[in-house]
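Letter by letter, the chains look like this.
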Amino acid sequence: PRLDMGLVAPVPGGMRMLKQIFLQRWLLRLCAVIFLLVAAAHLARLVTHAEVTIASWSVPMWISPVAAGLLVLLAWLQLRASRA
């Protein structure tokens, strides 16, 4: 429905929808930052040659570059989705 000056009347629940979109974008960006932090930790492990042991399993070094690459890809996808 149009008002006198050609402005569109507010949609019922429109503000709630805007809040949800804003929250969704914010959460997508937060996830991207977390992914990038974990990727940085994997890269730091490669540089420092740190040993990681989970229970009694020693995590091989080759996992870190693979994980870092996947995490950077996920972060990029999250950031791209947050701009849509």
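What counts and how
Residues numbered from 1 in each chain as written. Predicted model: local features only at pLDDT ≥ 70, side-chain atom pairs only at ≥ 80, totals over all residues. Heavy atoms only, no water. Helix = DSSP H or I, 4+ residues; strand = E, 2+ residues; numbered from the N terminus. Buried < 20%, exposed > 50% of the residue type's maximum accessible area, 1.4 Å probe, protein only. Contact = heavy atoms within 4.5 Å. Axes fitted to C-alpha atoms, helices over the stretch in contact; angles between N-to-C directions. Parallel < 35°, antiparallel > 145°, perpendicular 65-115°, else oblique. Left-handed = near helix turned anticlockwise from the far one by under 90°. Nonpolar A, V, L, I, M, F, W, Y, C, P; charged D, E, K, R; others polar.

Colleague: Help me understand the overall build of the chain, please; the structure alone is not making it clear to me.
Modeller: Within the chain, the regular secondary structure consists of 2 helices and 2 strands. The order of helices and strands in the chain, counted from the N terminus, is α-β-β-α. Put simply, the chain has 84 residues, and 15% of those count as buried. A fraction of 57% describes how many contacts in the chain between residues 6 or more apart in sequence connect residues 24 or more apart.

Colleague: Please explain the environment of Ala67 as it appears in this structure.
Modeller: Relative to the helices and strands, Ala67 resides in helix H2 (residues 63-83). For the pair Ala67 and Ala39, spaced 28 residues apart in sequence, the C-alpha to C-alpha distance is 7.0 Å.

Colleague: Sorry, what's going on with the packing of helix H1 (residues 14-48) against H2 here?
Modeller: Geometrically, a packed helix pair is captured by the angle between its two axes and the distance between the axes. Put simply, H1 and H2 touch, their axes get as near as 8 Å, and they point 160° apart. Taken together, the axes of H1 and H2 lie roughly antiparallel to each other. Note that H1 runs across H2; the crossing there is left-handed. Tallied by class, residues from the contact of H1 with H2 come to 18 nonpolar, 4 polar and 3 charged.

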